[in-house]
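# A closer look at the structure
Spelled out from the first residue to the last, the chains are:
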Amino acid sequence: MELRQLQYVLQIAAEKNFSRAADKLHIAQPSLSQQLSKLEKELGVMLFQRNTSSVELTYAGSKFVEQAQIIIDGVELLRQEMSDISELRTGRVVVGSMPITGAHLLPHVLPVFKQNYPEVEITLLEDSSMNLEKLTASGQTDLSLLSLPLEIPALAYEELGEERIDLAVPPEHPLAKRSLDGTKTSLEELKDELFIVLKEGQGFRKMTMDLCRNAGFEPKIVFESNNMETVQSLVATGMGVTLVPHFIARAPRSEFVPVYLPLADPAPSRTLVVAYRRGRYLSKAAKAFVETFKSTVAELTEE
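All figures in this text were calculated on a predicted structure; none of them were measured in a lab. Starting afresh in each chain, residues are numbered from 1 along the sequence in its written order. The predicted nature of this model means local features are confined to residues of pLDDT at least 70 and side-chain atom pairs, given and counted, to a pLDDT of 80 or more, with totals for whole chains, interfaces and linings taken over all residues. For the side-chain quantities, the full set of heavy atoms in the structure was used; hydrogens and water were omitted.

Among the buried residues, those of types Ala, Val, Leu, Ile, Met, Phe, Trp, Tyr and Cys that are joined through side-chain atoms within 4.5 Å form a nonpolar core. The cut-offs for exposure are 20% and 50% of the maximum accessible area for each residue type, with area from a 1.4 Å probe on protein chains only; residues under the lower value are buried, those over the upper are exposed, and the others partly exposed. Core analysis: the biggest nonpolar cluster contains 34 residues, and Val93, Leu143, Phe289 and Phe293 have the highest contact counts within it. Here a strand is any run of E in DSSP of at least two residues, a helix any run of H or I of at least four, and the numbering for each starts at the N terminus. Only strand E3 (91-97), helix H5 (99-116), strand E4 (120-126), helix H6 (129-137), strand E5 (143-147), strand E6 (155-169), strand E11 (269-277) and helix H11 (284-302) provide two or more residues apiece to this core. For this core, the element with the highest residue contribution is H11, accounting for 8 residues. In this structure, Leu167, Phe204, Ala215 and Leu261 belong to the second largest nonpolar core, which totals 30 residues.

As structure tokens, then:
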């Protein structure tokens, strides 16, 4: 049994498809199938049930994957510890990020980190919050920028800080004048409004729905988008209203700018976190990135 064979099985289990697994592993599909067959023959068990439409783990396969992940994590732990012992400042950190939030936070974080640790390579992986949790739990990212609550118990996290949630309305909306007199808007006042929201699978869409439901109404959704910039532009043109994380609301925009309003106390907020696989060893470089992220978010929150 070879270490690479363990990695092959984990990738097939994650993708449930030989072709995609081979692409991710950068090997030919016949070679991947051959290595799996060799391993199954050595073990005397089938690890996967194969048919024309899917690849599923057998009972033996699920047990193999559990132990293989422990072994791979242990090898990574050993590798990272030896690297740290050598006291080199070089390294690599794979950072997962929600595209929308990351676009407004990472430009503040990365320049500071690169200035302090110029030899450390940062690799960014952008995906929806739901997929990021899965990627982080499977060890495909070292760290991921997410918000609470996390759905996967295998994840541990460190809090970065609270980010308040603002209301965005069209400039000609009756509520827009409140930006001048400082009057705050309650969520209950929005029960008859038309909402523009993110599509299913994005964490902030769920938060928007939960906030509205907790305020006693089901939001009337007229448009959905994968992109918060699109959502805000549609609001600015009068198509509806939406809720927006404050770091995104404060970012400069050139056109189609809605009016942003604070919500009444207790104002809703979300907790931003850096998540990682529970029990995973964090290198010095990864820990330094977490600390840089914490200090940067703290500064932005104070502004």
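Picking up where we left off.
Okay, unusual backbone geometry next. Glycine aside, residues mostly have negative phi, and peptide bonds are mostly found in the trans state. The linkage connecting leucine 148 with the following residue, proline 149, adopts the cis geometry, with an omega of 0°. Secondary-structure assignment places proline 149 in the loop between E5 and E6. Of note, the amide linkage connecting aspartate 265 to proline 266 takes the cis form, showing an omega dihedral of -5°. Note on placement: proline 266 falls in the loop between strand E10 (259-262) and E11. The backbone phi angle of lysine 16 is positive, close to 55°, even though this residue is not glycine. Residue placement: lysine 16 occurs in the loop between helix H1 (3-15) and helix H2 (18-25).

With that settled, consider H6. Each α-helix turn comprises 3.6 residues. Residues three or four places apart therefore point the same way. What H6 keeps buried is the set Ser129, Leu132, Glu133, Leu135, Thr136 and Ala137. Where H6 ends, the next residue or the one after it, glycine 139, has phi of about 80°, a positive value.

All axes here are fitted lines through C-alpha atoms, helices being fitted over the stretch that makes contact, and every angle between N-to-C directions spans 0 to 180 degrees. Interaxial distance between H1 and helix H3 (residues 29-43) falls to 10 Å at its minimum, and their mutual angle equals 110°. In terms of axis orientation, H1 runs roughly perpendicular to H3. Each of Arg4, Gln5, Tyr8, Val9 and Ile12 in H1 lies in contact with H3, whose residues at this interface are Leu32, Gln35, Leu36, Lys38, Leu39 and Glu42. A per-class count over the contact of H1 with H3 returns 6 nonpolar, 2 polar and 3 charged. Angle categories: roughly parallel below 35 degrees, roughly antiparallel above 145, roughly perpendicular from 65 to 115, and oblique for all the rest. Contacts between residues were defined by any pair of non-hydrogen atoms, one from each residue, lying within 4.5 Å. Residues are grouped as follows: Ala, Val, Leu, Ile, Met, Phe, Trp, Tyr, Cys and Pro are nonpolar; Asp, Glu, Lys and Arg are charged; all remaining types, including Gly, are polar.

Another point: helix H8 (residues 203-214). In this model H8 runs 17 Å from its N-terminal to its C-terminal C-alpha over 12 residues, within 8% of the 16 Å that 1.5 Å per residue would give. Contact partners of the buried residues in H8: E6, strand E7 (194-198), strand E8 (220-225), helix H9 (228-236), strand E9 (242-245) and E11. Downstream of H8 by a residue or two, glycine 216 has a phi angle that is positive, lying close to 100°. Helices are assigned an expected span. That span is 1.5 Å times one less than the residue count.

Take the packing of aromatic side chains next. Paired rings are identified among Phe, Tyr and Trp, the last through its six-membered ring, by centres lying within 6.5 Å, and are further divided according to the angle between planes into stacked (under 30 degrees), edge-to-face (over 60) and tilted (the rest). Tallying each qualifying case throughout the model produces 4 aromatic pairs. Taking the centre distance of 6.2 Å and the plane angle of 40° together, the rings of phenylalanine 195 and phenylalanine 217 count as tilted. Of this pair, phenylalanine 195 sits in strand E7 while phenylalanine 217 sits in the loop between H8 and E8, and the two are 22 residues apart along the sequence. Phenylalanine 195 gets classed as buried once you look at its relative accessible area, which sits at 0%.

What follows is about the pairing of E5. The element E5 is extensively covered by neighbouring structure, given that 5 of its 5 residues are classed as buried. Residues of E5 alternate between two faces, with Leu143, Leu145 and Ser147 on one and Ser144 and Leu146 on the opposite face, all of them buried. Here, a strand pair is defined by DSSP locating no fewer than two bridges between the strands. Alignment of E3 against E5, held across 3 bridges, turns out to be parallel. By the bridge assignment, serine 97 is partnered in E5 with leucine 145. Strand direction decides the pairing type here: E5 and E11, joined by 4 bridges, are antiparallel. Opposite serine 144, over in E11, you have alanine 275 as the bridge partner.

Whenever a carboxyl oxygen of Asp or Glu lies within 4 Å of a side-chain nitrogen of Lys or Arg, that contact is scored as a salt bridge. What the rule picks out here adds up to 20 salt bridges. In this structure, arginine 20 and glutamate 15 form a salt bridge, with 3.5 Å as the shortest nitrogen-oxygen distance. Given a relative accessible area of 13%, glutamate 15 falls into the buried group. A salt bridge links arginine 79 to glutamate 76; the nearest nitrogen and oxygen atoms lie 3.2 Å apart. Residue arginine 79 and its partner glutamate 76 are both found in helix H4 (residues 59-85); the two are separated by 3 residues, about one turn of the helix. Shared partners join several salt bridges into a network, and the residues in it are Glu15, Arg20 and Lys24.

Residue placement: valine 235 occurs in helix H9. For the pair formed by valine 235 and valine 95, sequence separation is 140 residues and the distance between their alpha carbons is 31 Å. Discounting chain neighbours no more than four positions away, the residues touching valine 235 are Ala168, Val169, Pro170, Ile196, Gly240, Val241, Thr242 and Pro258.

This brings us to the packing of H1 against H2. Interaxial distance between H1 and H2 falls to 8 Å at its minimum, and their mutual angle equals 130°. When the interaxial angle is binned, H1 and H2 end up oblique. Here H1 and H2 pass one another in a crossing that is right-handed. Across the interface between the two elements, Gln7, Tyr8, Gln11, Ile12 and Glu15 from H1 touch Phe18, Arg20, Ala21, Lys24 and Leu25 from H2. Its residues placed into classes, the contact of H1 with H2 shows 5 nonpolar, 2 polar and 3 charged. Take the far helix as the reference: if the near one is turned anticlockwise from it by less than a right angle, the crossing is left-handed, and if turned clockwise, right-handed.

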